[in-house]
Amino acid sequence: MKSPAQQRQGSDDEIDLFELALLIWQEKVTVLLVTVFVTVLAVFYALFATPVYETEVTLLPPHASDIQGYNQGLIALKDTDSSWLTKHTTKSVYDTFLKRLYSKELRNQIMEELYLPRLPEKEEILNRQALQQRFEKIVSVRRPDPKNTPDLYTVQVRLSDPEHATELANGYVDLAIQQAKQRLKADVEAEYTRVQLDLEAQLASLLQQAEQERKSELIKLTEALWIAESLGLEQPILPDGKSTIEGAAYVDRNLLYMRGVKALQAQIRVLEERDSEVPFIDEYPELAAKLALLRAFKLDDRQVNVATIDEAAEVPIKPVQPKKTLIVVISGLVGGALGVGAALIMALVKRRRRA
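Residues numbered from 1 in each chain as written. Predicted model: local features only at pLDDT ≥ 70, side-chain atom pairs only at ≥ 80, totals over all residues. Heavy atoms only, no water.

### Some thoughts on the pairing of strand β1 (residues 53-60)
Direction of pairing for β1 relative to strand β3 (residues 153-159): antiparallel, over a ladder of seven bridges. Within the sheet, the bridge partner assigned to Thr58 lies in β3 and is Thr154. In the sheet, β1 pairs with strand β4 (residues 308-311) via three bridges, with the strands oriented antiparallel. Of the residues in β4, the one forming a bridge with Leu60 is Thr308. (Pairing = 2+ DSSP bridges. Helix = DSSP H or I, 4+ residues; strand = E, 2+ residues; numbered from the N terminus.)

### Topic: the packing of aromatic side chains
Each aromatic ring pair is described using two quantities: the centre-to-centre distance and the angle formed by the ring planes. Evaluation of the coordinates by the stated rule reveals five aromatic pairs. Both rings, one in Tyr94 and one in Tyr153, keep their centres 6.2 Å apart while their planes meet at 70°; by these two values the pair is edge-to-face. With a gap of 59 residues between them, Tyr94 in helix α4 (residues 90-102) and Tyr153 in strand β3 connect regions that are remote in the sequence. Pair check on accessibility: Tyr94 and Tyr153 agree, each one buried. Taken together, a centroid distance of 6.3 Å and an interplanar angle of 80° make the contact between Tyr102 and Tyr153 edge-to-face. Placement of the pair is Tyr102 in helix α4 and Tyr153 in strand β3, with a sequence separation of 51 residues. One aromatic cluster in this structure is built from Tyr94, Phe97, Tyr102 and Tyr153. The ring of Phe280 is capped by Arg274, whose NZ or CZ atom sits 3.8 Å from the centre of that ring. (Phe/Tyr/Trp six-rings, centres within 6.5 Å; stacked < 30°, edge-to-face > 60°. Buried < 20%, exposed > 50% of the residue type's maximum accessible area, 1.4 Å probe, protein only. Lys NZ or Arg CZ within 6 Å of the ring centre and 35° of its normal.)

### Focus on a nonpolar patch on the surface
Taken together, the side chains of Leu32, Val36, Val40 and Phe44 define a hydrophobic patch exposed on the protein surface, amounting to about 360 Å² of accessible area. Residue position: Val40 is located in helix α2 (residues 28-48). (Patch = residues over 30% accessible without salt bridge, like charges linked within 9 Å, V, L, I, M, F, W, Y side chains within 5 Å. Areas by Shrake-Rupley, 256 points an atom, 1.4 Å probe, with all protein chains shown as cover. Salt bridge = Lys/Arg side-chain N within 4 Å of Asp/Glu carboxyl O.)

Right under this line is the structure:
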């Protein structure tokens, strides 16, 4: 149960609140004028402020068929273990594209080629740092939902000119794709050149080795011919107790002169008149075929892609700023609060003058 003092205090509080409401009511015109004034200012701002339009390009990784051209060398060489050439995957190709998409070089090039030429002359006097800071706010690369769609990226552009915004967004992505293709093409061609040099070196080494073996064989046969002529062995003979096959192998390993003068002269003549060692090198045809395939291979940029444009930027119709309805509502609330504050101040001033 409240004491008489507490009841009087509560009554005084109620009277104070009532008097406060009465004071505000007495200055209702002031409240209304201030609210209307602030709201009208906000409406003028909403109507005459420069509209900002937003558009974006949505990007996804390339399909497997899009990057097949980068692996044509592997397919042609049947190099399933990638021991000769690097195997490109959709992820590795998309990562190369994303690096270009986020690069400062690309951003600066887009700013120079597509943004600065459209600026009014009075804005071109801004220093480069100020222009770059403004451009950072105009163009943004984002990943909207890293958890559910980690490979989905967007290039978003906000400008007062909707057509320019669309051109900037699509141009940004197109240039990123072009630069990524150029980078990958350069890497692939450099790798093909390296492999070609390796194959050429292997083939040259095989030819050199075969030539050395031919010369060595000639020396052995020449010495064996001298011995056979000294012994008067015109026809080949086999060692006693050896079968034909076994004896021939024994002669080849140890006693070449037993082939006889006629056979040795014929062999020496064939080796001396031989035009090429290629038919006698088992590995040569396969390596030469790989080299020919690599030399004939030409990477066509039109047959590959480094990203999938899920949705290209389109010219926006409605601006995203200013939000006119929100501005009017907030200005009405702020104007009302300012009006109440002004009404209380005027009422207190009047009371003090009367006192």
